[in-house]
Amino acid sequence: MAVDEGMVNWINDYLTDRPQFPHSIWHSFIRSTYGAIIKGLMKSEAFDVQVKDESNHTCIHASMSVNFTIKYETESGTNKSISFVAPDDVTTSGSTCGSSEAAALLVVNFMNNHSWSVNFTRDSTVYSIDVIVFTYNTNDSTLFPDAKRKGLLTTATSVNDPIPINATYTCVQHKDIITENVVQDYWNVSLLAYAQDVTVIRDFHCSEDLPTTHAPTTTTTPTPSPKPEDKPSTGNYSVISGNETCLMATMGLQLNASVFVGGHNVWKLFNINPNATISSGSWISHISNNNLSFWEASVGKSYLCHKEQLLVVSKDLSINTFEVRVQPFGIHNATYDEGKDVCPNCDNTIGLYCCSA
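Residues numbered from 1 in each chain as written. Predicted model: local features only at pLDDT ≥ 70, side-chain atom pairs only at ≥ 80, totals over all residues. Heavy atoms only, no water.

1. Regarding the layout of surface pockets
With a probe scaled to a water molecule rolled over the atoms, the places where space remains empty come into view.
Reasoning step 1: In this structure, the largest pocket encloses a volume near 730 Å³.
Reasoning step 2: As for the largest pocket, its lining consists of 30 residues, of which N79, K80, S81, N236 and S238 are closest to the centre.
Reasoning step 3: Broken down by secondary-structure element, the contributors of at least two residues to the lining of the largest pocket are β2 (58-73), β3 (79-85), β12 (234-241) and β13 (244-261).
Reasoning step 4: Of the residues contributing to the lining of the largest pocket, the split by class is twelve nonpolar, 15 polar and three charged. (1 Å grid on protein atoms, 1.4 Å probe; cavity = no way out; pocket = protein on both sides within 12 Å on 5 of 7 lines; lining within 4 Å. Points joined across faces, edges and corners; volume = space filled by probe spheres on them. Helix = DSSP H or I, 4+ residues; strand = E, 2+ residues; numbered from the N terminus. Nonpolar A, V, L, I, M, F, W, Y, C, P; charged D, E, K, R; others polar.)

As structure tokens, then:
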């Protein structure tokens, strides 16, 4: 079964609600496999901007962190994904406070001709975040060195979230906007427009920030249902930082999750379709010793296992892997180390073996 947008959001919510998971490259890889950026590894960059009218009154104030993940076609005909965070060094050229005939508009320009914008509408009691537009420039050779299609590409999303006048829209938790080829992940968002009295400004929180009531769970641990006979397709995934590939993985993935349905837990299986998946992640300079505890090998070497494995993430989530090859460090020219099989009888053993040069 291919992973759709609903499944992507479910996985992100599942991992976000479980802070006991280590903020590691393995954690990042789990999230990136399902098309979202890992919360624990994201950079802390954020922009904070104001738009003022002719009287020097602030009509729009916005601060937030945004991570963009973009899937594009390369000159060789393959698909590649890149991920980057909107920097704090931005401009607001093109923004306007609006008028009785025109909507207020915030335009944030950054890096090499990339931009993000949002327009606002209002009536006497509420204002609304109307349409969010993200434009990215595939002529940017740093981010898209091998893009087949060159130029400015745009994705627009209608939001229409009503907010009371004199209230700041606040969303501390992560919130995703997923469109074709682009995933926008927002957190620590603060937006205010059309403020009439700054002395009575209050916060209006997004639904993700509100407490949730969880249904009671049963005390009986469910037993995973038998796996289907068909294996998932093998896909290629990578995490790229600038021009450097910091993680490569090739494998078939099958999600095995316990879901609370109708008052009890049931197990559901999902084969991950690599052609419907966007991989992404973030590079961090310090990695703890147990970050890749599922697979172990020397730095700069790749991990290889032909046998099917069951990786237990928690009592409610596990991942079946097939034909695994992973290398997180020491990658040159976006290729795995050639290596040799140091465990020639691996097919007759349980576990995995590493390839070393």
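2. Observations concerning the environment of I240
Reasoning step 1: Structurally, the position occupied by I240 is in strand β12.
Reasoning step 2: On the basis of relative accessibility, which here comes to 14%, the residue I240 falls in the buried class.
Reasoning step 3: With 39 residues separating them along the chain, I240 and S279 place their C-alpha atoms 9.7 Å apart.
Reasoning step 4: Once residues lying within four places of it in the same chain are set aside, the contact partners of I240 are K80, S81, S83 and T245. (Buried < 20%, exposed > 50% of the residue type's maximum accessible area, 1.4 Å probe, protein only. Contact = heavy atoms within 4.5 Å.)

3. Thoughts on the sheet that holds strand β6 (residues 126-137)
Reasoning step 1: Taken in spatial order, the four strands line up as β4-β5-β6-β7 in an open sheet, and their pairing is antiparallel. Both edges of this open sheet fall to β4 (104-110) and β7 (152-164), since each of them pairs with a single strand only. Put simply, the sheet's adjacent strands are angled 15 degrees from each other on average, direction ignored. (Pairing = 2+ DSSP bridges. Axes fitted to C-alpha atoms, helices over the stretch in contact; angles between N-to-C directions.)

4. A closer look at the nonpolar core
Reasoning step 1: Ranked by size, the top nonpolar core spans 47 residues in total, and within it F47, M64, L106, W116, F120 and F134 carry the most contacts.
Reasoning step 2: It is β2 that provides the largest number of residues to this core, a total of eight residues.
Reasoning step 3: Those residues within four positions of M64 in sequence are excluded, and the remaining contacts are A46, F47, W116, Y186, W187, N188, V189 and L191.
Reasoning step 4: Membership of the second largest hydrophobic core comes to 17 residues, among which are C246, L253, Y303 and V324. (Core = buried A, V, L, I, M, F, W, Y, C linked by side-chain atoms within 4.5 Å.)

5. A word on the pattern of salt bridges
Reasoning step 1: Taken as a whole, this structure holds four salt bridges when the rule is applied.
Reasoning step 2: With a closest N to O distance of 3.8 Å, D161 and K175 form a salt bridge. You can see D161 sitting in strand β7 and its partner K175 sitting in strand β9 (residues 175-179), a full 14 residues away along the chain.
Reasoning step 3: Taking the relative accessible area as the measure of exposure, D161 reaches 23% and is therefore partly exposed.
Reasoning step 4: In this structure K175 comes out as partly exposed when scored by relative accessible area, which is 26%.
Reasoning step 5: Residues joined in a network through salt bridges with shared partners are D161, K175 and E208. (Salt bridge = Lys/Arg side-chain N within 4 Å of Asp/Glu carboxyl O.)

6. Considerations on the pairing of β9
Reasoning step 1: Across five bridges, β9 lies against strand β10 (residues 182-193) in antiparallel orientation. Paired with I178 across the strands is V183, a residue of β10.
Reasoning step 2: Hairpin connection between β9 and β10: a loop of two residues separates the two successive antiparallel strands, and N181 in this loop has a positive phi of roughly 75 degrees.

7. A word on the confidence of the model for the chain
Reasoning step 1: For the chain, per-residue confidence averages 75 on the pLDDT scale, and residues scoring 70 or more make up 68% of the total.
Reasoning step 2: Put simply, strand β19 (residues 353-356) is where the chain has its lowest mean pLDDT, 36, and β4 is where it has its highest, 96.
Reasoning step 3: Low pLDDT, under 50, characterises residues 15-43; the stretch is placed with 89 contacts to residues that sit more than four places away or in other chains.
Reasoning step 4: Contacts of residues 286-292 to residues separated by more than four positions or lying in other chains number ten contacts, the stretch itself having pLDDT below 50. (pLDDT = per-residue confidence, 0-100.)

8. Some remarks on the packing of aromatic side chains
Reasoning step 1: Counted by the stated rule, this structure contains ten aromatic pairs.
Reasoning step 2: With a centroid separation of 6.1 Å and an interplanar angle of 65 degrees, the aromatic rings of Y127 and Y194 are classed as edge-to-face. A residue pair is termed long-range when its members are at least 10 positions apart, and Y127 in strand β6 and Y194 in the loop between β10 and β11 (202-205) qualify at 67 residues.
Reasoning step 3: Classification of Y127 as buried rests on a relative accessible area of 0%.
Reasoning step 4: The exposure class assigned to Y194 is buried, which follows from its relative accessible area of 15%.
Reasoning step 5: Aromatic ring contacts, followed pair by pair, group F68, Y72, F84, F110, F134, Y136 and F144 into a single cluster. (Phe/Tyr/Trp six-rings, centres within 6.5 Å; stacked < 30°, edge-to-face > 60°.)

9. Focus: the pairing of β2
Reasoning step 1: Most of β2 is tucked away: 13 of the 16 residues are buried.
Reasoning step 2: Strand direction decides the pairing type here: strand β1 (residues 47-52) and β2, joined by six bridges, are antiparallel. Looking at β2, one finds that F47 is bridged to M64.
Reasoning step 3: The hairpin formed by β1 and β2 contains five residues between the paired strands, and N56 there has a positive phi angle of roughly 65 degrees.
Reasoning step 4: Across ten bridges, the pairing between β2 and β10 is antiparallel. Across the sheet, I60 pairs through a bridge with A193, a residue of β10.
Reasoning step 5: As consecutive antiparallel partners, β2 and β3 are separated by five residues, and within that stretch G77 has a phi angle of approximately 95 degrees, a positive value.

10. Considering the state of the cysteines
Reasoning step 1: Enumeration according to the criterion identifies two disulfides in this entry.
Reasoning step 2: Put simply, C171 and C206 are joined by a disulfide, and their sulfur atoms are 2.1 Å apart. Around the S-S axis, the bridge from C171 to C206 shows a dihedral of about 75 degrees and counts as right-handed. With C171 in strand β8 (residues 167-171) and C206 in the loop between β11 and β12, the pair connects residues that are 35 residues apart, well separated along the chain. An identical accessibility class is assigned to C171 and C206; each is buried.
Reasoning step 3: Among the cysteines of the chain that take part in disulfides, numbered as they appear in the sequence, the pairing is 1-2, 3-4. (Disulfide = S-S within 2.5 Å.)

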